[in-house]
Amino acid sequence: MEKRRADNIAQELEELIFNGTFRNGDRLDEVRLSERFNVSRTPLREAFQRLALSGLVELIPRRGAFVRQPGPLELMEMFEVMAELEAVCGRLAARRIDEVALEKLRVLNIKCQEAVNANDTESYYLENERFHKLIYHESGNGFLEQEAVRLHHRLKPFRRLQLRLRGRMEQSMSEHEDVVDALASGDSERAANSLRDHVAVQGEKFHRLMVGLNKHMTAAE
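This section reports on the structure supplied with the text.

What counts as what
- Residues numbered from 1 in each chain as written.
- Predicted model: local features only at pLDDT ≥ 70, side-chain atom pairs only at ≥ 80, totals over all residues.
- Heavy atoms only, no water.
- Helix = DSSP H or I, 4+ residues; strand = E, 2+ residues; numbered from the N terminus.
- Buried < 20%, exposed > 50% of the residue type's maximum accessible area, 1.4 Å probe, protein only.
- Contact = heavy atoms within 4.5 Å.
- Areas by Shrake-Rupley, 256 points an atom, 1.4 Å probe, with all protein chains shown as cover.
- Pairing = 2+ DSSP bridges.
- Core = buried A, V, L, I, M, F, W, Y, C linked by side-chain atoms within 4.5 Å.
- Expected span 1.5 Å × (residues − 1).
- Polar contact = N/O pair within 3.5 Å; in protein donor to acceptor, adjacent residues only side chain to side chain.
- Phe/Tyr/Trp six-rings, centres within 6.5 Å; stacked < 30°, edge-to-face > 60°.
- Lys NZ or Arg CZ within 6 Å of the ring centre and 35° of its normal.
- Salt bridge = Lys/Arg side-chain N within 4 Å of Asp/Glu carboxyl O.

Bringing the overall build of the protein into the picture now. The secondary structure content of the protein amounts to 10 helices and 3 strands. Secondary structure of the protein in N-to-C order comes out as α-β-α-α-β-β-α-α-α-α-α-α-α. When burial is assessed residue by residue, the protein has 49% of its 221 residues classed as buried. Residue pairs at least 24 apart in sequence account for 75% of intrachain contacts in the protein once pairs closer than 6 positions are excluded. Per element, the accessible surface of the protein, about 11300 Å² overall, is 48% carbon and sulfur.

The structure is reproduced here in structure tokens:
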């Protein structure tokens, strides 16, 4: 219950940051936010910790929690590294994944498709997250899995935001199917390339992401 409450608060704060209510450098006041969400400081501080993992909040000892938005260059660099980590996971998973895990990926894809049909970006993101984390695990490399999960969490708000762009869920769904096909056929290079292309936000895709982010940041002005 407490975990779910902290997750919900983190998601609401994330939205408040993206829509411009809280701006880069703003201090998040625990007293006011506790009143706003009608909670004690414990789940609020847990929410801050979650946002700190994604880099949207910086926790400074004896000063508090401050909003921190990465700039375009930093965001691009993180997505580039994420794309390469996913590619390595895909390459190794293609060699090591078994039929049980493949069936789990197919089931997750069905759930993703149901979310696309319902135009439900939040449900899609949750199933999408499970899809990617399963591939990290199936790489068979614990250290790689840990690093991929860590950066995945760091980019979570931006990966979620990307799904709100028109047509992105449908495109992502098609890319998922390519990934599963490559893994099922044991084609390590195709799996690596499919995942790299799926995650990379270069060129037009990155431009659309930044436009979407800017729209959210200026909506309150």
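From this point on, the discussion continues.
Read from one edge of the open sheet, 3 strands run 1-3-2, paired in antiparallel fashion. Looking at which strands have only one partner, the edges of the open sheet turn out to be strand 1 (27-28) and strand 2 (57-60). Where strand 1 and strand 3 (residues 64-67) come together, 2 bridges link them in antiparallel fashion. If you follow Leu28 over to strand 3, its bridge partner there is Ala65.

Now for the nonpolar core. In this structure, Leu13, Ile135 and Leu183 are the most contacted members of the largest nonpolar core, which totals 53 residues. In terms of residues, this core owes the most to one element, helix 4 (residues 72-96), which gives 10 residues. If you look at the next biggest cluster of nonpolar residues, it comprises 8 residues, including Cys112, Tyr125, Leu163 and Met173.

Moving on to helix 6 (residues 121-138). Note on helix geometry: an α-helix contains 3.6 residues per turn, so any two residues three or four positions apart are oriented the same way. The end-to-end C-alpha distance of helix 6, which contains 18 residues, comes to 25 Å, matching closely the 26 Å that a straight helix rising 1.5 Å per residue would cover. Those residues of helix 6 that sit buried are Thr121, Tyr124, Tyr125, Glu127, Asn128, Glu129, Phe131, His132, Leu134, Ile135, Tyr136 and Glu138. In this structure, the buried side of helix 6 is in contact with helix 4, helix 5 (99-117), helix 7 (142-162), helix 8 (168-185) and helix 9 (188-199). Among the residues of helix 6, the N-terminal cap falls to Asp120, whose side-chain oxygen and the backbone nitrogen of Glu122 are separated by 3.2 Å.

This structure, assessed with the given rule, holds 0 aromatic pairs. In this structure, Arg160 packs its charged tip against the face of Tyr125, placed 5.0 Å from the ring centre.

With that out of the way, let us pick up the pattern of salt bridges. Applying the stated rule across the entire model yields 17 salt bridges. Between Arg68 and Glu74 there is a salt bridge; the shortest N-O distance is 3.1 Å. The exposure class of Arg68 is partly exposed, given its relative accessible area of 29%. Glu74 sits in the partly exposed class, given a relative accessible area of 26%. A salt bridge links Arg91 to Glu189; the nearest nitrogen and oxygen atoms lie 2.9 Å apart. Here the residue Arg91 occupies a position in helix 4, and Glu189 occupies one in helix 9, the gap between them amounting to 98 residues.

Take unusual backbone geometry next. Glycine aside, a negative phi is what most residues show, and trans is what most peptide bonds show. Unusually for a residue other than glycine, Asn38 sits at a positive phi of about 55°. Not every positive phi belongs to a glycine, and Arg62 is a case in point at roughly 65°. Inspection of the secondary structure assignment puts Arg62 in the loop between strand 2 and strand 3. By relative accessible area, Arg62 is classed as exposed at 85%.

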